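# Fold and geometry: a report
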Amino acid sequence: MPTPDAGELRAAFDRPRPLTVGLEEELMLLDPASGDLVPASAQALELLAGDARFKRELPAAQLEITVGPCARVADAAAALRRARHDLAAALAGRF
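Residues numbered from 1 in each chain as written. Predicted model: local features only at pLDDT ≥ 70, side-chain atom pairs only at ≥ 80, totals over all residues. Heavy atoms only, no water.

### Observations concerning the pattern of salt bridges
Going through the model one piece at a time under the given rule, you end up with four salt bridges. Residue arginine 84 is joined to glutamate 25 by a salt bridge in which the shortest nitrogen-to-oxygen separation is 2.5 Å. Residue arginine 84 is located in helix α3 (residues 73–91), and its partner glutamate 25 is located in strand β1 (residues 21–28); the two are separated by 59 residues in the primary sequence. Judged by relative accessible area, which is 41%, arginine 84 ranks as partly exposed. Classification of glutamate 25 as buried rests on a relative accessible area of 18%. Between aspartate 86 and arginine 53 there is a salt bridge, with the nearest N and O atoms lying 2.8 Å from each other. (Salt bridge = Lys/Arg side-chain N within 4 Å of Asp/Glu carboxyl O. Helix = DSSP H or I, 4+ residues; strand = E, 2+ residues; numbered from the N terminus. Buried < 20%, exposed > 50% of the residue type's maximum accessible area, 1.4 Å probe, protein only.)

### Focus on the nonpolar core
Grouped together as the largest cluster of nonpolar side chains are 14 residues, with contacts concentrated most on Phe54, Ile65, Val67 and Leu87. Among the elements of the structure, β3 (62–70) and α3 are those that each provide at least two residues to this core. Broken down by element, the residue count for this core peaks at six residues, all from α3. Setting aside anything within four residues of it in sequence, one finds isoleucine 65 in contact with Leu23, Glu24, Glu25, Leu27, Arg53, Phe54, Leu80, Ala83, Arg84 and Leu87. (Core = buried A, V, L, I, M, F, W, Y, C linked by side-chain atoms within 4.5 Å. Contact = heavy atoms within 4.5 Å.)

### Quick word on the side chain of glutamine 62
Counting through the fold element by element, glutamine 62 comes out in strand β3. Contact partners of glutamine 62, with chain neighbours within four places excluded, come to Glu26, Leu27, Met28, Ser41, Arg56 and Glu57.

### Concerning the confidence of the model for the protein chain
Averaged over all residues, the pLDDT of the protein chain equals 92, while 100% of them reach at least 70. Within the protein chain, the element-level pLDDT minimum falls on helix α1 (residues 6–14), averaging 85, and the maximum on α3, averaging 96. (pLDDT = per-residue confidence, 0-100.)

### Structural notes on unusual backbone geometry
Working note: non-glycine residues mostly have negative phi, and peptide bonds are mostly trans. With omega at -10°, the peptide bond leading from glycine 68 into proline 69 counts as cis. Position of proline 69 relative to the elements: it lies in strand β3. Residues other than glycine seldom take positive phi values, yet alanine 49 does so here, at roughly 50°. Here alanine 49 lies in the loop between α2 (41–47) and β2 (54–56).

Below you can see the structure in the form of structure tokens.
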């Protein structure tokens with residue numbers, strides 16, 4: 001694929017289009033009693049039944065929530081809040 005020149009890049013960024021915002025949040029899975037990290041992201045994702053908002057990260061005790069694109073920051077924040085709620089409900093008492 002050829003590298004675009006400066007004019008092509010400028011044209012791509014100068015096109016009027018609505019701005020959007022997306023969010024990502026990294027989460028660590030913890031043992032509720034000890035507070036220690038729990039390397040169980042694969043098991044957590046199984047409990048989330050394939051919900052695409054949640055992704056595995058490199059450390060086995062880490063998950064990522066992804067939200068976006070949204071037209072407004074308030075919409076993205078509300079979507080993140082819903083994802084956190086859904087995650088907490090799915091994993092209640094486990095991590």
